[in-house]
Every structure is written in structure tokens, then in C-alpha cells.
Amino acid sequence: SSPGSITITSPNGGENWTAGQTYTINWNSANVTGNVQIQPYRDGTALTNIATSAPNTGSYSWTIPLNYTPSSLYKVSISAMSGNVWDFSNNNFTIS
């Protein structure tokens, strides 16, 4: 069988999102079964999960918490709950 893959398409760098607003996290996956975990990072530090176990549908609506520190150093990771498959945003995005 082919190895699994997850590829984040948004946010993947350069976006400017606003705390308190809802945005859609998008990704493509291949040969990944089961749910995914979605986690935000700020300057390399993991924050509380966006979703601990979300359906692997390729999109997830995220309302950014109001208490997030404004920064241009955010990324997200999406990882398969089964197997060793994940992806990070290619570049930083901003939360203001």
C-alpha cells in the first residue's frame, strides 16, 4: 500500500486572520484512515489543540480564540490519529 500523506492548503503562509473570527482550515489527504488532530503553533510552541479528533474531510471551521496573542508567527499542524502522517503550514501566517 502507498504511504499516507496530508498536505495543508490553508493556512499555508501569508494569511492574516483575526481573533474571534471563523476561518476554514483546508487540507488534502491520501491513504489516511480515521480522524485527524489539528494543532496550532506560535513561534514553534504548541498551543491547545484546535481539534483533538476531527473527521478527515479536508476542511475544518475554526473560530480563533480571542485570547490569542497577536503575532505573525503562527502555523498549524494536521496529523493522522492512526499512523505517522502529518503536515505543517509551509510558512507562517498572522493572527491579529
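Residues numbered from 1 in each chain as written. Predicted model: local features only at pLDDT ≥ 70, side-chain atom pairs only at ≥ 80, totals over all residues. Heavy atoms only, no water.

Enquirer: An account of the nonpolar core is requested, with residue identities and associated values reported.
Expert: Of all hydrophobic cores here, the largest spans 24 residues; its most connected members are Ile6, Ile25, Ile38, Trp62, Ile64, Ile78 and Ile95. Taken together, the elements giving at least two residues each to this core come down to strand E1 (5–10), strand E3 (22–30), strand E4 (36–42), strand E6 (51–54), strand E8 (71–80) and strand E10 (93–95). With four residues, the single largest contributor to this core is E8. Not counting chain neighbours up to four residues away, the residues in contact with Ile64 comprise Trp17, Thr18, Ala19, Gly20, Gln21, Tyr23 and Ile95. (Core = buried A, V, L, I, M, F, W, Y, C linked by side-chain atoms within 4.5 Å. Buried < 20%, exposed > 50% of the residue type's maximum accessible area, 1.4 Å probe, protein only. Helix = DSSP H or I, 4+ residues; strand = E, 2+ residues; numbered from the N terminus. Contact = heavy atoms within 4.5 Å.)

Enquirer: Lay out the packing of aromatic side chains with the relevant residues and their values.
Expert: Here a ring pair, both rings aromatic, is described through the centre-centre distance and the interplanar angle of the planes. Considering all chains together, one arrives at seven aromatic pairs under this definition. Measuring from ring centre to ring centre gives 4.5 Å for Trp17 and Tyr23, while their planes differ by 0°; the resulting arrangement is stacked. You'll find Trp17 and Tyr23 in the same group, each marked buried. When the centroid spacing of 5.3 Å and the interplanar angle of 55° are considered together, the rings of Trp17 and Phe93 count as tilted. (Phe/Tyr/Trp six-rings, centres within 6.5 Å; stacked < 30°, edge-to-face > 60°.)

Enquirer: An account of the side chain of Ser89 is needed here, citing residue identities and associated values.
Expert: Structurally, Ser89 is set in the loop between strand E9 (86–88) and E10. Each residue touching Ser89, except ones within four places of it in the same chain, is listed here: Ile8, Pro11, Asn12, Lys75 and Val76.

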